[in-house]
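# Coordinate analysis (summary)
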Amino acid sequence: MNKLGPGLLSKRIFDADSGAVLYQRNFKTGERVFLRYPQLVELPKNPNSYIKLETVLEKLTEAVAAEMDVAGKIAKKIQNGDAKELLQEQRERLAGQAEQLFARMTETEKERIPLYEAFRCGKMGEEDYQKKKNSIRQSLRFYDGKLNNILEELTLWERRYSERNLWLCAFCGRELPKEWKLADVKRWIERVEIRGFQEISVSLTQKEEKEVFPKEWLEEEERKKGIKEE
């Protein structure tokens, strides 16, 4: 029985012009292809209406192999300490934000004493006093939340500029699959676009994590490998 459904690249392979999902079809005669219409019971006669699974997998393997090489070179830069300056820039930026927040918190804290004195001396009613006191508390909670966000962002940058970067984890120290499995697709492949059932464009995973590194680092290594960003 022929297999229906998107197959190995389910929800990841599309027609580039229309954006329509493509389906993997495994025919009884042995052909495995991607096409627009999964209901077909035999391979279309028009070769421009489908693309072979093997052709797509060759392109995926090529793209991932090149990405692995670039990731390996970036990992070596980190091991050599080249990312320390990048991390320091983020630390200084976040430290500046934290200093501003501490200054605002200090100013807000200073409002407590004169507010209480005004209430104690009868210059302010209890209702107004409670409102302004709650307002101060809310402001301090807001600033405290902002400080926590800064600490979380610092932790994020410390991970990104280390070998724990998710892009490096995905592509460094890995072996190319002899036979592609769903786990390989999930780890490495974000999207595949087919134009005219001839051209194949591959978008890989963890692009955001990759792009935290300087453009010149990536361009240098990708130029050496002949990688073209999709």
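Scroll up a little and you will see the structure.
These remarks concern the structure in this document. (Residues numbered from 1 in each chain as written. Predicted model: local features only at pLDDT ≥ 70, side-chain atom pairs only at ≥ 80, totals over all residues. Heavy atoms only, no water.)

### Here we look at the layout of surface pockets
Filter applied, for reference: Of the grid points, spaced at 1 Å and generated over the protein atoms alone, those admitting a 1.4 Å probe that cannot get out make up cavities, while open sets with protein on both sides within 12 Å along at least five of seven lines make up pockets; any residue with an atom within 4 Å of a point is treated as lining. Grid points are joined across faces, edges and corners, and a volume is the space filled by probe spheres set on the points. Numbered from the N terminus, helices here are DSSP runs of H or I no shorter than four residues, and strands are runs of E no shorter than two. Ten residues, namely Ala, Val, Leu, Ile, Met, Phe, Trp, Tyr, Cys and Pro, are considered nonpolar, four, namely Asp, Glu, Lys and Arg, are considered charged, and the remaining ones, Gly among them, are considered polar.
Within this model, the second largest pocket holds a volume of roughly 200 Å³. The element contributing the most residues to the lining of the second largest pocket is helix H1 (residues 53-79), with three residues. Partitioning the lining of the second largest pocket into residue classes produces five nonpolar, three polar and four charged.

### Some words on the nonpolar core
The following threshold applies: What makes a nonpolar core is a set of buried Ala, Val, Leu, Ile, Met, Phe, Trp, Tyr and Cys residues whose side-chain atoms join them at distances within 4.5 Å. Accessibility here uses a 1.4 Å probe with only protein chains present; expressed as a share of the type maximum, an area under 20% marks a residue as buried, one over 50% as exposed, and anything in between as partly exposed. When checking whether two residues touch, look at their non-hydrogen atoms; a contact exists if any pair is within 4.5 Å.
If you look at the biggest cluster of nonpolar residues, it comprises 54 residues, and the most contacted ones within it are Val-56, Ile-189 and Phe-213. Looking at this core element by element, the count peaks at twelve residues for H1. Once you skip the residues sitting within four places of it in the chain, Ile-189 turns out to touch Leu-9, Arg-12, Leu-60, Val-64, Trp-180, Asp-184, Val-202, Ser-203, Leu-204 and Thr-205.

### Concerning the packing of helix H3 (residues 112-120) against helix H4 (residues 126-160)
Under the convention used in this document: Note on geometry: axes are lines fitted to C-alpha atoms, helical ones only across the stretch in contact, with angles between N-to-C directions running from 0 to 180 degrees. Any angle from 65 to 115 degrees is called roughly perpendicular, while one under 35 is roughly parallel, one over 145 is roughly antiparallel, and all others are oblique.
Running from N to C, H3 and H4 point in directions that differ by 170 degrees, and their axes come no closer than 10 Å. Overall, the two elements H3 and H4 adopt an arrangement that is roughly antiparallel. Across the interface between the two elements, Arg-112, Leu-115, Tyr-116 and Phe-119 from H3 touch Glu-126, Tyr-129, Lys-132, Lys-133, Ile-136 and Leu-140 from H4. The class makeup of the residues in the contact of H3 with H4 is six nonpolar, no polar and four charged.

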